[in-house]
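Residue strings, one per chain:
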Amino acid sequence: MNRSAATLDRLLELGAFESLELLAAPDASAPCAGDWGTGAVKESDETLRIGEMAETTGVSERLLRYYESRGLLTPGRTATGHRVYTRADVARVRLVRFLLDGGMSTKDIRFLLECVHEGVDVARVCGELDSVLTREFVRISKEIESLVLTRSYIAVLTGRPLADGDLAARIGQEPVPAAARPR
């Protein structure tokens, strides 16, 4: 099992995702009738036009075109030039949204997708990806710490119960009584 597959399995164990579909690399055998790389694609019951893709993913047509322009998504084209998407593209858009929502840049997401989701061994070929992911890990960890501190502050001010990991709970502070709270 390569590093990518082991990572995906670990995320599933932790309950981070409902299934591997969200994180799966595009499947070469994914239902499509035609040549995605060089020629026209024939539409089938298994493909989606851009409007259907927008409805299925909740991502606007404009954003789908933007993802394509940034190299995050490569839909097929019909003989008349219309974009055609597969189920693998739906999963890829969901992953892109997930990573964007987490604060990653489109540049870093493209790099990640090129390394991890093209079946490349990350450690061997995409060594630079490790520094990108380390930087993102540190950034997200700092953001989480800041959010926990903010939540603790608000909990103390409002008299709400503190979570076990909250700062005030760790230092044994009692919530401020409602009468003593600033107004």
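For clarity, every value in this text was computed on a predicted model and none was experimentally measured.

Peer 1: I would appreciate a short explanation of the overall build of the chain in the present structure.
Peer 2: When you go through the chain residue by residue, the secondary structure sums to eight helices and four strands. N-terminal to C-terminal, the α/β element order of the chain is α-β-β-α-α-β-β-α-α-α-α-α. Looking at the chain as a whole, 29% of its 183 residues qualify as buried.

Peer 1: Please explain the confidence of the model for the chain as it appears in this structure.
Peer 2: Considering every residue of the chain, the mean pLDDT works out to 75; 59% of them sit at 70 or more. The lowest-confidence element of the chain is strand β1 (residues 33-34), averaging 34 in pLDDT; the highest-confidence one is helix α3 (residues 61-69), averaging 97. Across residues 19-39, where pLDDT falls below 50, the model places 40 contacts with residues more than four positions away in sequence or in other chains.

Peer 1: Can you walk me through the nonpolar core in this structure?
Peer 2: Side chains that are nonpolar tend, in soluble globular proteins, to be buried together. Among the nonpolar cores identified, the biggest contains 24 residues, and M53, L64, Y67, Y85, V93, I109 and L129 are the most heavily contacted of them. At the level of secondary structure, the elements contributing two or more residues to this core comprise α2 (50-57), α3, α4 (87-101), α5 (106-116) and α7 (127-158). With near-sequence residues (within four places) excluded, L64 lies in contact with I50, M53, A54, V59, L73, Y85 and V93.

Peer 1: Sorry if this is basic, but what is going on with the packing of aromatic side chains here?
Peer 2: The geometry of an aromatic ring pair comes down to the distance between the two centres and the angle between the two planes. Enumeration over the complete set of coordinates arrives at one aromatic pair. Seen from their ring centres, Y66 and Y67 are 6.4 Å apart, and the 55 degrees between their planes marks the pair as tilted. A relative accessible area of 37% means that Y66 is categorised as partly exposed.

Peer 1: What am I meant to see in the side chain of D89 here?
Peer 2: By the secondary structure assignment, D89 is in helix α4. Here D89 occupies a buried position and makes no salt bridge, while the nearest side chain of opposite charge, R92, is found at 6.1 Å. Among the polar contacts made by the side chain of D89, one reaches the main-chain amide nitrogen of T86 at a distance of 2.9 Å. In contact with D89, not counting residues within four places along its chain, are M53, L73, T74 and V84.

Peer 1: Is there a simple way to think about the pattern of salt bridges in this case?
Peer 2: Taken as a whole, this structure holds nine salt bridges when the rule is applied. The closest approach of N and O atoms between E68 and R77, which form a salt bridge, is 3.0 Å. The exposure class of R77 is partly exposed, given its relative accessible area of 30%. Note that E143 is salt-bridged to R139, the shortest N-O span being 3.2 Å. Placement of both E143 and R139 in helix α7 is noted, with a separation of four residues, approximately one turn of the helix. Residue class for R139 comes out partly exposed when judged on its relative accessible area of 27%.

Peer 1: Would you explain the side chain of R92 in this entry?
Peer 2: Relative to the helices and strands, R92 resides in helix α4. Overall, R92 belongs to the buried group, its relative accessible area being 12%. Here L72 takes part through its backbone oxygen, which lies 2.7 Å from a polar atom of the side chain of R92.

Conventions adopted
- Residues numbered from 1 in each chain as written.
- Predicted model: local features only at pLDDT ≥ 70, side-chain atom pairs only at ≥ 80, totals over all residues.
- Heavy atoms only, no water.
- Helix = DSSP H or I, 4+ residues; strand = E, 2+ residues; numbered from the N terminus.
- Buried < 20%, exposed > 50% of the residue type's maximum accessible area, 1.4 Å probe, protein only.
- pLDDT = per-residue confidence, 0-100.
- Contact = heavy atoms within 4.5 Å.
- Core = buried A, V, L, I, M, F, W, Y, C linked by side-chain atoms within 4.5 Å.
- Phe/Tyr/Trp six-rings, centres within 6.5 Å; stacked < 30°, edge-to-face > 60°.
- Lys, Arg positive; Asp, Glu negative; His and termini not counted.
- Salt bridge = Lys/Arg side-chain N within 4 Å of Asp/Glu carboxyl O.
- Polar contact = N/O pair within 3.5 Å; in protein donor to acceptor, adjacent residues only side chain to side chain.

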